[in-house]
Amino acid sequence: MSITKEQVIEFIENMSVLELAEFVKELEEKFGVSAAAPVAMVAGVPGAAGGAEAAAEEKTEFDVILQSAGDKKVQVIKVVREITGLGLKEAKALVDGAPKPVKEGVSKEEAEQIKTKLEEAGATVEIK
């Protein structure tokens with residue numbers, strides 16, 4: 001009995017974000033590869049081909065980076081859970097590990113909304 005690509009995709013779709021992150025790390029270790037390297041190479045190509053001006057125009061996805069939780073760490077954890085859907089343990093780990101990305105590849109409007117929510121909770125946030 002062999003496993004089809006569709007079954008693998010269905011399996012991955014049913015994973016939580018934390019489980020998926022751990023799965024990717026295990027695959028990287030098992031096969032001696034890094035999932036981050038191709039992304040960096042792809043991101044560098046448009047800038048090299050079209051210059052810095054074209055890369056700035058095409059930026060449609062933004063990352064929201066939590067720089068620090070500030071004095072109201074519990075409130076920030078609650079907001080992180082609301083935004084990401086992470087469990088309490090995972091959200092706390094994210095907040096404790098700042099600076100870390102809270103959400104990646106979102107629109108400018110969504111990034112601004114997330115930044116506002118986190119700053120209202122007392123966090124320091126950066127959008128890249």
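This report concerns the structure included in the present document. (Residues numbered from 1 in each chain as written. Predicted model: local features only at pLDDT ≥ 70, side-chain atom pairs only at ≥ 80, totals over all residues. Heavy atoms only, no water.)

**Describing the sheet that holds strand 1 (residues 62-68)**
The strand order 2-1-3 describes an open sheet built from three strands, whose pairing is antiparallel. The open sheet has two edge strands, strand 2 (100-106) and strand 3 (124-127), and neither has a second partner. Between one strand axis and the next, the sheet turns through 20° on average, direction left out of account. Pairing between strand 1 and strand 2: four bridges, direction antiparallel. Bridged to Phe-62 within strand 2 is Val-106. (Pairing = 2+ DSSP bridges. Helix = DSSP H or I, 4+ residues; strand = E, 2+ residues; numbered from the N terminus. Axes fitted to C-alpha atoms, helices over the stretch in contact; angles between N-to-C directions.)

**Concerning the packing of aromatic side chains**
Evaluated as defined, the whole model comprises one aromatic pair. Ring geometry for Phe-11 against Phe-23: centres 6.3 Å apart, planes inclined by 75°, an arrangement best described as edge-to-face. One end of the pair, Phe-11, is in helix 1 (residues 5-13); the other, Phe-23, is in helix 2 (residues 17-31), with 12 residues separating them in the sequence. Judged by relative accessible area, which is 49%, Phe-11 ranks as partly exposed. One Lys or Arg, Lys-108, reaches over the ring of Phe-62 and ends 5.1 Å from the middle of that ring. (Phe/Tyr/Trp six-rings, centres within 6.5 Å; stacked < 30°, edge-to-face > 60°. Buried < 20%, exposed > 50% of the residue type's maximum accessible area, 1.4 Å probe, protein only. Lys NZ or Arg CZ within 6 Å of the ring centre and 35° of its normal.)

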